[in-house]
Amino acid sequence: MTKAGVKNGGTKKVSRGSGGRKTALLCRAEAEDETLVTTEAEAPNGGRELEEEEAAGDGGGGLLGGSGRSGLPDVLAATTLVLPFFFWGTSMVAMKFEAVHTTPLFLGSFRLIPAGLALLVWSKYFAGTERREIDVVPKALEDWGKILVWAFVDATCFQGFLAEGLQRTGAGIGSIIIDSQPISVAIMAALFLDEKITTKTALGLAVGVLGLVILEVGPQDAGVVVDSQGNGQLLMLLAAQSMAVGTILVRWVCKTIDPVVATGWHMVLGGLPLLFVSLSTDTDLMQRLEGLGPADVLLLSYITLLGGAASYGLFFVNASKGNLTKLSSLTFLTPVFACFFGNVLLNESFNTLQILGAATTLL
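The rules behind these values
Residues numbered from 1 in each chain as written. Predicted model: local features only at pLDDT ≥ 70, side-chain atom pairs only at ≥ 80, totals over all residues. Heavy atoms only, no water. Axes fitted to C-alpha atoms, helices over the stretch in contact; angles between N-to-C directions. Helix = DSSP H or I, 4+ residues; strand = E, 2+ residues; numbered from the N terminus. Parallel < 35°, antiparallel > 145°, perpendicular 65-115°, else oblique. Left-handed = near helix turned anticlockwise from the far one by under 90°. Nonpolar A, V, L, I, M, F, W, Y, C, P; charged D, E, K, R; others polar. Core = buried A, V, L, I, M, F, W, Y, C linked by side-chain atoms within 4.5 Å. Buried < 20%, exposed > 50% of the residue type's maximum accessible area, 1.4 Å probe, protein only. Contact = heavy atoms within 4.5 Å. Expected span 1.5 Å × (residues − 1). Polar contact = N/O pair within 3.5 Å; in protein donor to acceptor, adjacent residues only side chain to side chain. Phe/Tyr/Trp six-rings, centres within 6.5 Å; stacked < 30°, edge-to-face > 60°. Patch = residues over 30% accessible without salt bridge, like charges linked within 9 Å, V, L, I, M, F, W, Y side chains within 5 Å. Areas by Shrake-Rupley, 256 points an atom, 1.4 Å probe, with all protein chains shown as cover. Salt bridge = Lys/Arg side-chain N within 4 Å of Asp/Glu carboxyl O.

Explanation requested: the packing of helix α7 (residues 141-166) against helix α11 (residues 232-253) in the structure shown.
It is at 8 Å that the axes of α7 and α11 come closest, and there the two elements cross at 155°. Relative to α11, the element α7 lies roughly antiparallel. Every pair of crossing elements has a handedness; the one defined by α7 and α11 is left-handed. Partitioning the contact of α7 with α11 into residue classes produces 18 nonpolar, five polar and three charged.

Any chance you could explain the environment of Phe 340 here in plain terms?
As for its position among the elements, Phe 340 is in helix α16 (residues 333-345). Sequence separation between Phe 340 and Gly 89 is 251 residues; the distance between their C-alpha atoms is 9.0 Å.

Sorry if this is basic, but what is going on with the nonpolar core here?
Side chains of nonpolar character tend, in soluble globular proteins, to be buried together. One finds Trp 150, Phe 158 and Ile 178 to be the most contacted residues of the largest nonpolar core, which totals 46 residues. Among the elements that line this core, the one with the most residues is α11, at nine residues. Those residues in contact with Trp 150 that sit more than four places away from it in its chain are Ala 155, Gly 246, Leu 249, Val 250, Val 253, Ala 262, Thr 263, His 266 and Phe 316.

It is not clear to me how helix α12 (residues 259-281) should be interpreted in this structure. Could you clarify?
Because each turn of an α-helix spans 3.6 residues, side chains separated by three or four positions in sequence point in the same direction. Helix length check: α12, at 23 residues, gives a terminal C-alpha distance of 33 Å against a target of 33 Å (1.5 Å per residue), a fit within 8%. Structurally, the start of α12 carries an N-cap: the backbone nitrogen of Val 260 is 3.1 Å from a side-chain oxygen of Asp 258.

How should I be thinking about the packing of α11 against helix α14 (residues 294-319) in this particular structure?
In the contact formed by α11 and α14, the axes pass within 9 Å of each other and the chain directions differ by 60°. Judged on the interaxial angle alone, α14 and α11 are oblique. In the packing of α11 onto α14, the handedness of the crossing is right-handed. Of α14, the residues touching α11 (which contributes Gly 246, Thr 247, Val 250 and Arg 251) are Phe 315, Phe 316 and Ala 319. Split by residue class, the contact of α11 with α14 holds four nonpolar, two polar and one charged.

Is there a simple way to explain the packing of aromatic side chains in this structure?
Aromatic rings considered in pairs are described by the distance between their centres and by the relative angle of their planes. The tally for this structure, following the rule as stated, stands at 14 aromatic pairs. Ring centres 5.6 Å apart and planes at 80° place the aromatic pair Phe 86 and Phe 341 in the edge-to-face group. You can see Phe 86 sitting in helix α4 (residues 71-98) and its partner Phe 341 sitting in helix α16, a full 255 residues away along the chain. Looking at Phe 86, the relative accessible area reads 25%, which means it is partly exposed. Among the residues examined, Phe 341 registers a relative accessible area of 21% and is labelled partly exposed. Measuring from centroid to centroid gives 5.3 Å for Trp 88 and Tyr 312, while their planes differ by 65°, and the two rings are edge-to-face. Taken together, the residues span a long stretch of sequence, with Trp 88 in helix α4 and Tyr 312 in helix α14 at a distance of 224 residues. By the burial criterion, Trp 88 is buried, and Tyr 312 matches it.

Would you mind going over a nonpolar patch on the surface with me for this structure?
Among the surface-exposed residues, Ile 183, Ile 187, Leu 191, Phe 192 and Ile 197 lie close enough to one another that they form a single nonpolar patch of about 500 Å² accessible area. Within the secondary structure layout, Leu 191 lies in helix α9 (residues 181-192). The exposure class of Leu 191 is exposed, given its relative accessible area of 60%.

In this structure, what is going on with unusual backbone geometry? I would like to understand it.
With the exception of glycine, the majority of residues adopt a negative phi angle, and the majority of peptide bonds are in the trans configuration. The residue Asp 194 is not glycine, and still its phi comes out positive at about 60°. Tracing the backbone shows Asp 194 in the loop between α9 and α10 (199-216). For Asp 194, a relative accessible area of 68% gives the class exposed.

What's the story with the pattern of salt bridges in this structure? I'm lost.
Side chains carrying opposite charge are able to pair once their charged atoms draw close together. The final tally for this structure, using the stated rule, is four salt bridges. For Asp 258, the salt bridge identified is with Arg 131, shortest N-O distance 2.8 Å. Taken together, the positions of Asp 258 in the loop between α11 and α12 and Arg 131 in helix α6 (residues 129-132) put the pair 127 residues apart, joining distant regions of the chain. The exposure class assigned to Asp 258 is buried, which follows from its relative accessible area of 18%.

Just to check I follow, could you spell out the environment of Leu 285 for this structure?
By the element assignment, Leu 285 lies in helix α13 (residues 285-289). Given a relative accessible area of 2%, Leu 285 falls into the buried group. For the pair Leu 285 and His 101, spaced 184 residues apart in sequence, the C-alpha to C-alpha distance is 8.0 Å. Setting aside chain neighbours within four positions, we find Leu 285 in contact with Thr 103, Phe 106, Ser 278 and Leu 279.

Here's what the structure looks like:
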């Protein structure tokens, strides 16, 4: 019964009853009103604690603090976490198709520069109202300094070392080196960001690396220790560490810069040195590009827009506010997606041991 209900009801009965009945009903109404007032007074902050508990429930678990009230936000949050690794894995398959028509450094720059520009254009003109109000050109000189440092480490060094390293080492060994970077992220996050490495986390990272070893090192790779020039594995190790340091730097960069804006500019600025080196050293580049057809343009668009803009945007937005160790551990999914779609689209075969490795990684 509400206050209004008690008062209105009491008033009606008072107008119809006798004197004694009138007094009894008035006393009863007053007593019920007092009870209601007392109940409200006993509830701390007028029931505010309950509201705060419900609000706390909405900011529930997950790397990004997804909603606990409905399952849909949790599903969307999980999807945004996995999508970058899906796009990266499938882009690796697309890049195999385009290896004939491009060079590694050019493809690395093409994956970065147009993707970064697309991310900035989307943020300014096609995103939601709040995001469109964010200035895509940082004003502070300090912010540009942060972006340049991040661009050099995470874009130029990572893509450059990766492109050259892949040409000088076995595919299985190279993939294990590059995809084991979550271990470096976990160590640096513990040292510099006070993230704790629990026993469960350490065990999960170890199992993930073991799965990659089983999945990606076949008999043809067993004897590959060093390449003919002796620096292939070193380049892949440098690429892995560049990616790990870049993942850690995102927190420092995004303290004063919007994550999407920072990601876009770091891709553009990081890709320019790769493009310059490619145009200067790849003497057969123009001849290769002449062989591009409509299907190649579609694949390059996929590599740029989804394997570049969408994947990097989602990853670094998540990295700017989530647990870096847990997020980085999802990198183990990239070779699983790459191997699966390589089997479907490139007729690459799986043996029983590799299937076991993929299953181990997914654990």
